[in-house]
Amino acid sequence: MGKGPGPCALAFILWVGTWLRGSTKSRTRRCLPSVTLTSMSKFRRILLPLALLAALAPAQAAPPTSYQGPVYGAGVPNVKVVRPLWTLTVDKAEYGDRAVLLAENRVLVKVGGALQARDVATGRVRWTLRQPGNLGLADKNAVFLTSGPTLSAYRLSDGRRLWTRDLGGAVRDVGESGGVLYATTEHGGIALSAATGQTRWAFKEHEMTGFRTVLGDTGSGGVVFWDAYQGEPHFPATYAFDAATGKQLYRLGGTTGPLGVRGKAVLMADTSFIGSDDNATLTWVNLRSGVTEQVLKLAADFRCPGRGTLERRTSETFSAPPHIYVNDQCGTRLRQFWANDPALAGKTPSTPLPPARTFAVPDDGRFRLGPVGELLVFESRMGEVRLIPTTGRAPINYNGVDMPTGTGLVLPGAGPVSRLDALGSVLYVGRVNGEFLAYDAAKKKPLYAAQLPWRGFGPTFRSGKYAVLTTPGALAVVREP
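Treat the numbers as computed from the prediction; the structure is a model and nothing was measured. (Residues numbered from 1 in each chain as written. Predicted model: local features only at pLDDT ≥ 70, side-chain atom pairs only at ≥ 80, totals over all residues. Heavy atoms only, no water.)

1. Topic: the overall build of the protein chain
At step 1: Assigned secondary structure in the protein chain consists of 2 helices and 38 strands.
At step 2: Burial statistics for the protein chain: of 481 residues in total, 47% are counted as buried.
At step 3: Across the protein chain, the fraction of contacts at a sequence separation of at least 24, relative to all contacts at a separation of at least 6, is 41%.
At step 4: If you sum the accessible surface of the protein chain, you get close to 24,800 Å²; carbon and sulfur atoms cover 52% of it. (Helix = DSSP H or I, 4+ residues; strand = E, 2+ residues; numbered from the N terminus. Buried < 20%, exposed > 50% of the residue type's maximum accessible area, 1.4 Å probe, protein only. Contact = heavy atoms within 4.5 Å. Areas by Shrake-Rupley, 256 points an atom, 1.4 Å probe, with all protein chains shown as cover.)

Following this line, the structure appears as structure tokens:
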């Protein structure tokens, strides 16, 4: 509650009263600035009411409050807080390039345009490479760098160059499986020995975008899958090659995958044009021939709630045996289907299969990641991270939202999430306020937290007991309890 007028305010009222009566002599002058007072009789009738109102108004006890957006508390309550062993300011990576790599006990990062290999425990520089190009990937023996059409390998332990190859076109992507590198260029793809750089086989195809995976033995009987596009990136295609010879086995247009394996068949997702009543369509094809063995039609609705618009990407459907999941309604709903539905018995359904369960959470929650163990990760629009079990029966209706396996677990922390990573059973949550949480999904308990002066996180890496936390332009290394 405000206070009444002070001594000078009272004196001011008396002075105004006497002045308005025509007298300029008052003992109140000691409270006023030294100025020349002139006769202003024509304003006396106006000034007297204003002066009285101003003096009688209560004094303001505090500045006015104002809204500055949500303010989230720093730090995660009741969780062990760890401090970084060391931090480093690094070069910001260009779009599409990697900023940090972790291999064995080496952190590979660019600083001042040079590539540094630092000890993960101490941050000590083990070797430096000037003008290295872009970070491609690394394994337990070497780090592979790209620069235009050039692909080079450097020994991880000391940075000694092992080999360099000109691939004849700008390198778009590099992957590795079973000691073989799979590089994508503007002209096609090439398989090389990771140890020597010698070509195993190559093919020409301009629409290749990146290496996907290898299924089976890379020497004999294996199949290499490459992602491609049909004219535009949102019309994907899939290529399959013999891993030993590089012979093209088949090409599937309007598909992405493989999403899973069942015997000698692989699961592919149909990403062709969708309509207003579209469902998710998946196809089991023969691994070697690409011939269709079974078509799955799964009940789905890709319309966004409240808007009616359609939104669909190539990652809405994924496999986590024994289930297949469809993420629809703009990510607010996750549907679970049996991978081998007994009702099908090897046949193609004439009508879309109903889901075994449907998952959703309150507050416009979106599915973000999973399953991590047996948990699905959802995030609300205010940053609440909720873990919902994929199994068990504890149905509940929460604020009008059907949650078939209960309300799940809410992770500690507050504020919008900028990054979620799952390495094994450990879930890493980085928020836009620099708050970081490691949570053991198997034991259902937090492991540790960290607070960094960052506005968001990039990928999290882990080697043994060490975790490397990243953000554009910086990294921090912590030792996990």
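2. Some thoughts on the environment of Lys140
At step 1: Within the secondary structure, Lys140 is located in the loop between strand E6 (134-138) and strand E7 (142-147).
At step 2: Lys140 gets classed as exposed once you look at its relative accessible area, which sits at 60%.
At step 3: Along the backbone, Lys140 and Leu156 are 16 residues apart, and their C-alpha atoms lie at a distance of 7.3 Å.
At step 4: Among all residues touching Lys140, those that are not within four sequence positions of it are Glu104 and Leu156.

3. Quick notes on the confidence of the model for the protein chain
At step 1: Confidence in the prediction of the protein chain, expressed as mean pLDDT, is 83, and 81% of residues score 70 or more.
At step 2: Contacts of residues 7-60 to residues separated by more than four positions or lying in other chains number 34 contacts, the stretch itself having pLDDT below 50. (pLDDT = per-residue confidence, 0-100.)

4. Overview of the sheet that holds strand E38 (residues 474-479)
At step 1: A sheet is described by the order of its strands in space; here 4 strands give the open sequence E1-E38-E37-E36, paired in antiparallel fashion. Edge positions in the open sheet fall to strand E1 (86-89) and strand E36 (461-463), since each of these has one partner strand only. Sheet twist, expressed as the average angle between the axes of neighbouring strands with direction ignored, equals 15°.
At step 2: Where strand E37 (residues 466-471) meets E38, 6 bridges bridge the pair, whose relative direction is antiparallel. Directly across from Thr471, in E38, lies its bridge partner Ala474. (Pairing = 2+ DSSP bridges. Axes fitted to C-alpha atoms, helices over the stretch in contact; angles between N-to-C directions.)

5. With respect to the pattern of salt bridges
At step 1: Under the defined criterion, the tally for this structure stands at 13 salt bridges.
At step 2: For Arg126, the salt bridge identified is with Asp119, shortest N-O distance 3.7 Å.
At step 3: You can call Asp119 buried: its relative accessible area is 10%.
At step 4: Residue Glu384 pairs with Arg386 through a salt bridge whose shortest N-O separation is 2.9 Å.
At step 5: Residue class for Glu384 comes out partly exposed when judged on its relative accessible area of 30%. (Salt bridge = Lys/Arg side-chain N within 4 Å of Asp/Glu carboxyl O.)

6. A short note on the pairing of strand E22 (residues 317-320)
At step 1: Note: E22 against strand E23 (residues 323-328), 4 bridges, orientation antiparallel. Note on E23: the bridge partner recorded for Ser319 is Ile324.
At step 2: Remark: 2 residues form the turn of the hairpin made by E22 and E23, two consecutive strands paired antiparallel.

7. What to know about the pairing of strand E3 (residues 106-111)
At step 1: Pairing of strand E2 (residues 100-103) with E3, which is carried by 4 bridges, proceeds in the antiparallel orientation. Bridge pairing in E3 places Val100 opposite Val109.
At step 2: Linkage of E2 to E3, two consecutive antiparallel strands, is achieved through a turn of 2 residues, within which Glu104 is found at a positive phi near 55°.
At step 3: Across 6 bridges, E3 lies against strand E4 (residues 114-119) in antiparallel orientation.

8. Observations regarding the sheet that holds strand E32 (residues 417-423)
At step 1: The strand order across the open sheet built from 4 strands is E32-E33-E34-E35, with neighbouring strands paired in antiparallel fashion. If you trace the sheet from one side to the other, it starts and ends with E32 and strand E35 (445-451), each paired once. When the angles between neighbouring strand axes are averaged without regard to direction, this sheet yields 15°.
At step 2: Where strand E33 (residues 426-431) and strand E34 (residues 435-440) come together, 5 bridges link them in antiparallel fashion. Bridge assignment links Leu427 to a residue of E34, and that residue is Tyr439.

9. Remarks on the state of the cysteines
One way to say it: the disulfide is the covalent bond shared by the sulfur atoms of two cysteines.
At step 1: Within the structure shown, the criterion is met by 1 disulfide.
At step 2: Between the sulfur of Cys304 and that of Cys330 lies a disulfide, 1.7 Å long from S to S. Of this pair, Cys304 sits in the loop between strand E21 (292-298) and E22 while Cys330 sits in the loop between E23 and strand E24 (333-338), placing them 26 residues apart in sequence.
At step 3: For Cys304, a relative accessible area of 4% corresponds to the buried category. (Disulfide = S-S within 2.5 Å.)

10. Focus on the packing of aromatic side chains
Between two aromatic rings, the relevant description is the distance of the centres plus the angle of the planes.
At step 1: Applying the stated criterion across every chain yields a total of 19 aromatic pairs.
At step 2: Ring centres 5.9 Å apart and planes at 85° place the aromatic pair Trp226 and Phe241 in the edge-to-face group. With Trp226 in strand E15 (residues 223-230) and Phe241 in strand E16 (residues 232-242), this pair connects stretches of sequence that are 15 residues apart.
At step 3: Relative accessible area serves as the criterion here: at 0%, Trp226 is assigned to the buried category.
At step 4: In this structure Phe241 comes out as buried when scored by relative accessible area, which is 1%.
At step 5: An aromatic cluster of at least three residues, connected via ring pairs, comprises Tyr182, Trp201, Phe203, Phe211, Trp226, Tyr239 and Phe241. (Phe/Tyr/Trp six-rings, centres within 6.5 Å; stacked < 30°, edge-to-face > 60°.)

11. Quick notes on the nonpolar core
At step 1: Core analysis: the largest hydrophobic core is formed by 17 residues, its most contacted members being Leu267, Ala280, Leu282, Leu296, Leu298, Ile324 and Val326.
At step 2: Elements with a minimum of two residues in this core: strand E19 (265-270), strand E20 (280-286), E21 and E23.
At step 3: Counting 16 residues, the second largest nonpolar core, distinct from the first, contains Val76, Val385, Leu420 and Val429. (Core = buried A, V, L, I, M, F, W, Y, C linked by side-chain atoms within 4.5 Å.)

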